[in-house]
Amino acid sequence: AMIAVELVQAGDADKPDAAAAKTLVAGAPEAGLILLSCGIRGNVIRFLPALNMSDAIAHEGLDAFEWLLKKVA
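Values in this document were obtained by computation on a predicted structure and should not be read as measured data.

Peer 1: Could you give an account of the nonpolar core, with specific residues and numbers?
Peer 2: By size, the foremost hydrophobic cluster in this structure holds 13 residues, and its most contacted members are Leu 7, Leu 24, Leu 33, Leu 35, Ile 45, Phe 65 and Leu 68. In contact with Leu 24, not counting residues within four places along its chain, are Leu 7, Leu 35, Ile 45, Phe 65, Leu 68, Leu 69 and Val 72.

Pasting the structure below:
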């Protein structure tokens, strides 16, 4: 059930954006989230939801992540 978002600059996979990932992780508590960056370039945010999570909780978390992502962008 794990999925990830890889952050890159200007849509170029050869330009990882570790700074954006770091900013997202730093702002996560304000959005009610706990985030960790990962990947060899430090530009990936992984999602590993509980298999029994309700759709409502999943949407709440994704909405919070969307809000944070827009704030960082």
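Peer 1: Just give me the short version of the sheet that holds strand E5 (residues 44-47), but keep the residues and values in it.
Peer 2: As summarised here, the arrangement of the 3 strands in space is E1-E5-E4, forming an open sheet in which the pairing is antiparallel. The strands lining the two open edges of the sheet, one partner per strand, are strand E1 (3-6) and strand E4 (37-38). Both E4 and E5 contribute to a ladder of 2 bridges, which runs antiparallel. Directly across from Ser 37, in E5, lies its bridge partner Ile 45.

Peer 1: So what's going on with unusual backbone geometry? Which residues, and what values?
Peer 2: Notably, Ala 10 is not glycine yet its phi reads approximately 55 degrees, a positive angle. By the secondary structure assignment, Ala 10 is in the loop between strand E2 (8-9) and strand E3 (12-16). With relative accessibility at 84%, the residue Ala 10 sits in the exposed group.

Peer 1: Describe the pattern of salt bridges, listing the residues and the values that go with them.
Peer 2: With the rule as written, the count across this model stands at 2 salt bridges. The partner of Lys 71 in a salt bridge is Glu 30, and the shortest N-O contact between them spans 2.6 Å. Separated by 41 residues along the polypeptide, Lys 71 in helix H2 (residues 55-72) and Glu 30 in the loop between helix H1 (18-27) and E4 bring together distant segments of the chain. For Glu 30, a relative accessible area of 52% puts it in the exposed group. Among the salt bridges present, the one from Lys 70 reaches Glu 66, with a minimum N-O distance of 3.3 Å. You can see Lys 70 and its partner Glu 66 sitting in helix H2, 4 residues apart, about one turn around the helix.

Peer 1: Describe in detail the packing of aromatic side chains, supporting the description with residues and values.
Peer 2: According to the stated counting rule, one finds 1 aromatic pair in the structure shown. Aromatic side chains Phe 47 and Phe 65 sit 5.0 Å apart centroid to centroid with 90 degrees between the ring planes, which places their arrangement in the edge-to-face category. Pair noted here: Phe 47 is in strand E5 and Phe 65 is in helix H2, with a separation of 18 residues, a long-range link.

Peer 1: Please provide a residue-by-residue account of the packing of H1 against H2, values included.
Peer 2: For the pair H1 and H2, interaxial distance at closest approach is 10 Å and the crossing angle is 125 degrees. Taken together, the axes of H1 and H2 lie oblique to each other. Note that H1 runs across H2; the crossing there is right-handed. Where H1 abuts H2, its residues Ala 20, Thr 23, Leu 24 and Gly 27 lie against Phe 65, Leu 68, Leu 69 and Val 72. Grouping the amino acids of the contact of H1 with H2 by side-chain chemistry returns 6 nonpolar, 2 polar and no charged.

Here is what the cut-offs are and how they apply
- Along each chain, the written sequence defines residue order, and numbers are assigned to residues from 1.
- Local features in this predicted model are restricted to residues of pLDDT 70 or higher, and side-chain atom pairs are both shown and tallied only at a pLDDT of 80 or more, whereas totals for entire chains, interfaces and linings draw on every residue.
- Remark: hydrogens and water are excluded; side-chain values derive from all non-hydrogen atoms of the structure.
- For our purposes a nonpolar core is just a set of buried Ala, Val, Leu, Ile, Met, Phe, Trp, Tyr and Cys residues, chained together by side-chain atoms within 4.5 Å.
- Between buried and exposed lies partly exposed: a residue is buried under 20% and exposed over 50% of the maximum accessible area for its type, with that area taken using a 1.4 Å probe on protein chains only.
- Two residues form a contact once any of their heavy atoms are found within 4.5 Å.
- A pair of strands is treated as paired once DSSP finds two or more bridges between them.
- Each helix corresponds to a stretch of at least 4 residues labelled H or I by DSSP, and each strand to a stretch of at least 2 residues labelled E; elements are numbered beginning at the N terminus.
- Salt bridge, as applied in this entry: a Lys or Arg side-chain nitrogen positioned within 4 Å of an Asp or Glu carboxyl oxygen.
- In this scheme Phe, Tyr and Trp rings, the latter by its six-membered ring, pair at centre separations within 6.5 Å, and the angle between planes marks the pair as stacked below 30 degrees, edge-to-face above 60, and tilted otherwise.
- All axes are obtained by fitting lines to C-alpha atoms, using only the stretch in contact for helices, and the reported angles, taken between N-to-C directions, cover 0 to 180 degrees.
- By the definition adopted for this analysis, an angle is roughly parallel if under 35 degrees, roughly antiparallel if over 145, roughly perpendicular if from 65 to 115, and oblique otherwise.
- Less than a right angle of anticlockwise turn of the near helix away from the far helix marks a crossing as left-handed, whereas a clockwise turn marks it as right-handed.
- All residues other than Ala, Val, Leu, Ile, Met, Phe, Trp, Tyr, Cys, Pro, Asp, Glu, Lys and Arg, Gly among them, are scored as polar; the first ten of these are nonpolar and the last four charged.

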